[in-house]
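Below, each chain spelled out in residue letters.
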Amino acid sequence: MNREGGYRRLWVFDFDGTLSSIVPDRNAARLHPASRALLKDLAKDPRNRVAVLSSRALDDLCSRLTIPGLFLGGVSGLEWRLPAGHRISPGEAAERKLEEVRESALPGLARLSAFPGVDLEDKRWSVAVHFRRVLPEALSMLRPLILDLKSRGGIRIFEGPAVADVQFFPSANKSFGVRRLCRVLKLDPAAGQIFYAGDDENDAMAMRWVISKKGTAVVVGDRIRVRGARYVDGPPDLARVVREMAGSAAPGGGATERRTKAG
Ligand SMILES: [Mg+2]
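Residues numbered from 1 in each chain as written. Predicted model: local features only at pLDDT ≥ 70, side-chain atom pairs only at ≥ 80, totals over all residues. Heavy atoms only, no water.

Caption draft 1: Representation of unusual backbone geometry within the structure. The phi angle at Lys186 is positive, at roughly 55 degrees, despite the residue not being glycine. If you trace the backbone, Lys186 turns up in the loop between α5 (174-185) and β10 (194-198). For Lys214, which is not glycine, the phi dihedral falls at a positive 65 degrees. Looking at the element boundaries, Lys214 is found in the loop between α6 (201-212) and β11 (216-220). (Helix = DSSP H or I, 4+ residues; strand = E, 2+ residues; numbered from the N terminus.)

This is how it looks when you write it as structure tokens:
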């Protein structure tokens, strides 16, 4: 359906730690009620395109977001599910490359999975190494095993406080994911109509790109520093700020004024 009249705006949100509060068990992560209400309201306005972009596998993400009208991106945007249910996958060449890189990483992954307290979550295009349950004194022995994977070609690692995301498709970060979505939507990123909210280093890459395109970025929490971004302290605060922005007359309008934080 063509929805002419008025500007279009793309709203992109990370899931864990952004729309949901961080919980010790990642399987228990739930959309915050304030986020649910926000996504529903945004998706109702035909001028908006609303996306949730996660490093979780697409099926996992879909099971946590049952609101109609959303664009859902899994594995940092390698796979997308469009509002009508159609899925976009990365393509055959990417699949072949993936198999090669996975093969070379197998021995390293086997060592990691044998490490006491480590929980490996295989998302096919990436493996999350969860180490929340590793004893603090053992962490210094775990880190070299993770870094050893990095020495193999074609692997990129995003390290967080309780998880390291080992990516077999290095170009698949969230900046890549947002750009891919823009192409799908035929949206000109330079028009300054992109909003991005997130909380970790993978999100920061997307945020820097969004800001370079005159868009707006909001950091949830204080784990990352992004020049030109606005900072909020959790999902309810994010919802409040986004509602302010959504109510402004046009992109770049008063409510999108950025409060910067020196980094
Ligand atoms: Mg997050």
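Caption draft 2: Just the domain arrangement of the chain, in detail. Taken domain by domain, the chain holds domain 1 (9-89 + 172-256) and domain 2 (92-167). Computed over C-alpha atoms only, the centres of domain 1 and domain 2 are separated by 26 Å. Every contact between the two is made by 18 residues of domain 1 and, on the other side, 13 residues of domain 2. Counting the surface lost from both domain 1 and domain 2, the interface buries some 1,100 Å², and carbon and sulfur atoms represent 54% of this. Residues Arg26 and Glu121 are paired through a salt bridge, measuring 3.0 Å at the closest nitrogen-oxygen approach. (Domains from an automatic or database assignment. Contact = heavy atoms within 4.5 Å. Buried area = accessible area lost by both parts, 1.4 Å probe. Salt bridge = Lys/Arg side-chain N within 4 Å of Asp/Glu carboxyl O.)

Caption draft 3: Looking closely at the environment of Leu53. Its place among the elements puts Leu53 in strand β2 (residues 48-53). In the structure, Leu53 is positioned 22 residues away from Val75 in sequence and 8.2 Å away in space, judged by C-alpha atoms. Residues contacting Leu53, with those up to four places away along its chain left out, are Val12, Phe13, Asp14, Phe15, Gly73, Ser76, Gly77, Trp80, Lys174, Gly177, Val178 and Tyr196.

Caption draft 4: A look at the coordination of the magnesium ion. Within the protein, Asp14 (OD), Asp16 (O) and Asp199 (OD) serve as the donor atoms for the magnesium ion, at 2.2 Å. Site description for the magnesium ion: donor spacing in sequence, D-x1-D-x182-D. Of this pair, Asp16 sits in the loop between β1 (9-13) and α1 (33-44) while Asp199 sits in the loop between β10 and α6, and the two are 183 residues apart along the sequence. For Asp16, a relative accessible area of 21% translates into the label partly exposed. Classification of Asp199 by relative accessible area gives buried; the value is 5%. (Donors = N, O, S within 2.8 Å, 3.2 Å for Na, K, Ca; no water. Buried < 20%, exposed > 50% of the residue type's maximum accessible area, 1.4 Å probe, protein only.)

Caption draft 5: Looking closely at the environment of Gly74. Position of Gly74 relative to the elements: it lies in strand β3 (residues 70-74). For Gly74, a relative accessible area of 0% puts it in the buried group. C-alpha separation for the pair Gly74 and Arg111, spaced 37 residues apart in sequence, amounts to 26 Å. Filtering out sequence-adjacent residues up to four positions away, Gly74 remains in contact with Ser54, Arg56, Ala57, Leu58 and Glu79.

Caption draft 6: Structural context of the packing of aromatic side chains. The full count for this structure, using the stated rule, is 3 aromatic pairs. Note on Trp125 and Phe169: the rings are 5.4 Å apart at their centroids and 90 degrees apart in plane angle, and the pair reads as edge-to-face. With Trp125 in the loop between β6 (119-122) and β7 (126-130) and Phe169 in the loop between β9 (163-167) and α5, this pair connects stretches of sequence that are 44 residues apart. For Trp125, a relative accessible area of 2% translates into the label buried. (Phe/Tyr/Trp six-rings, centres within 6.5 Å; stacked < 30°, edge-to-face > 60°.)

Caption draft 7: Spotlight on the sheet that holds β9. The 4 strands are arranged β6-β7-β9-β8 in an open sheet whose pairing can be described as antiparallel. Since the sheet does not close on itself, it has two edges, and those belong to β6 and β8 (156-159), each with one partner. The average angle at which neighbouring strand axes cross in this sheet is 20 degrees, direction not considered. With 4 bridges connecting them, β8 and β9 associate as antiparallel partners. Looking across to β9, one finds that Arg156 is bridged to Gln167. Strand contacts of helix α4 (residues 139-150): β7, β8 and β9, with the helix running at about 145 degrees to β8, the strand carrying the most contacts. (Pairing = 2+ DSSP bridges. Axes fitted to C-alpha atoms, helices over the stretch in contact; angles between N-to-C directions.)

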